[in-house]
Structure formats: C-alpha cells, structure tokens
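Here is what each chain is made of, one letter per residue.
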Amino acid sequence: MKSTLLKLTLPLLIGLSAVGCKTANSDYTITYPAGLISNHPKGFLGCYVKVVGILTDKRPQDLFPPYPGDLLVCDKSGCVYVHYDYGDLKKYLGKKVKVIGYGSVTTFNFPYIDAVKVEPLEE
C-alpha cells in the first residue's frame, strides 16, 4: 500500500515542482519559457520571472491583452503579454528582449507579466 501511494505521489510532486517559480526576490538566473507561463499561469502568479524572446504586437486570436496596447514576448514555446508602466515598449518591436517581472493573471484567466524591467539584447 505504501509503495503504491509513493508511486502515485512522487510523479505528482515532480510535476508540480516543474510548474511554478523557484526564484527568490533577486535571483533571476532561471529563464522561463513564455509558453510555460502562458499554459500554466496560476503556477507563476505573483512569482518573479525572466523571459527572453522577441517583442511583438501580433496578437494570437484567442489571447486578449490585460491592458489595451500591451505587447507580447514570444519564444519558441509560445507568447505571453507584457504590461510595462515605465516606458514605451514599441521602440523594441521585433527585437530580442529580456523581460523581468511578476507573473500575473487577468480576471478572465489570461496570463501576462507585470514587468519591472525590459532590456534589449544583442542578437
């Protein structure tokens, strides 16, 4: 009985640890895939995240921005919206950027990053 319970519990714990944030307030060493945040938004709710990808305004058909005019950061895994109150991100359109911020979810369960820092990267 204990062996069966352990066999069922172990994969669940491993799966839950793979989805969600593990970084501390100042530790941005982990770069998360945008698609992981987009597909599991509640696992990143309130967590510090870093995403590297191309900034775009091409909105997927089934994904709505948390605020009008917000842009998306996209990588090979998918896209997630970026809300940034500290400047205009349109100057980085089509460029590779590093986004650091908090994982957030709208009232309609659409994921986004409430960014505190956005930096262009050399390609």
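For the structure itself, look to the data block above.
Conventions used here
Residues numbered from 1 in each chain as written. Predicted model: local features only at pLDDT ≥ 70, side-chain atom pairs only at ≥ 80, totals over all residues. Heavy atoms only, no water. Helix = DSSP H or I, 4+ residues; strand = E, 2+ residues; numbered from the N terminus. Buried < 20%, exposed > 50% of the residue type's maximum accessible area, 1.4 Å probe, protein only. Contact = heavy atoms within 4.5 Å. Areas by Shrake-Rupley, 256 points an atom, 1.4 Å probe, with all protein chains shown as cover. Core = buried A, V, L, I, M, F, W, Y, C linked by side-chain atoms within 4.5 Å.

Scanning the protein chain from N- to C-terminus turns up two helices and five strands. Listed by position from the N terminus, the elements making up the protein chain come as α-α-β-β-β-β-β. Taking all 123 residues of the protein chain together, the buried fraction comes to 36%. A fraction of 51% describes how many contacts in the protein chain between residues 6 or more apart in sequence connect residues 24 or more apart. Summed over its atoms, the accessible surface of the protein chain is roughly 7,700 Å², and 58% of this surface lies on carbon and sulfur atoms.

It is worth spelling out the nonpolar core at this point. Within the largest apolar cluster, 19 residues are counted, with the highest numbers of intra-cluster contacts made by Ile-37, Val-73, Leu-89, Val-99 and Val-118. For this core, the secondary-structure elements that each account for two or more residues are helix 2 (34-39), strand 1 (48-56), strand 2 (71-75), strand 3 (78-84), strand 4 (96-105) and strand 5 (111-120). If near-sequence neighbours (up to four positions away) are discounted, Ile-37 is found in contact with Tyr-32, Phe-44, Val-49, Val-51, Val-80, Pro-111 and Ile-113.

From the geometry alone we can't say anything about function, so treat these as descriptive.
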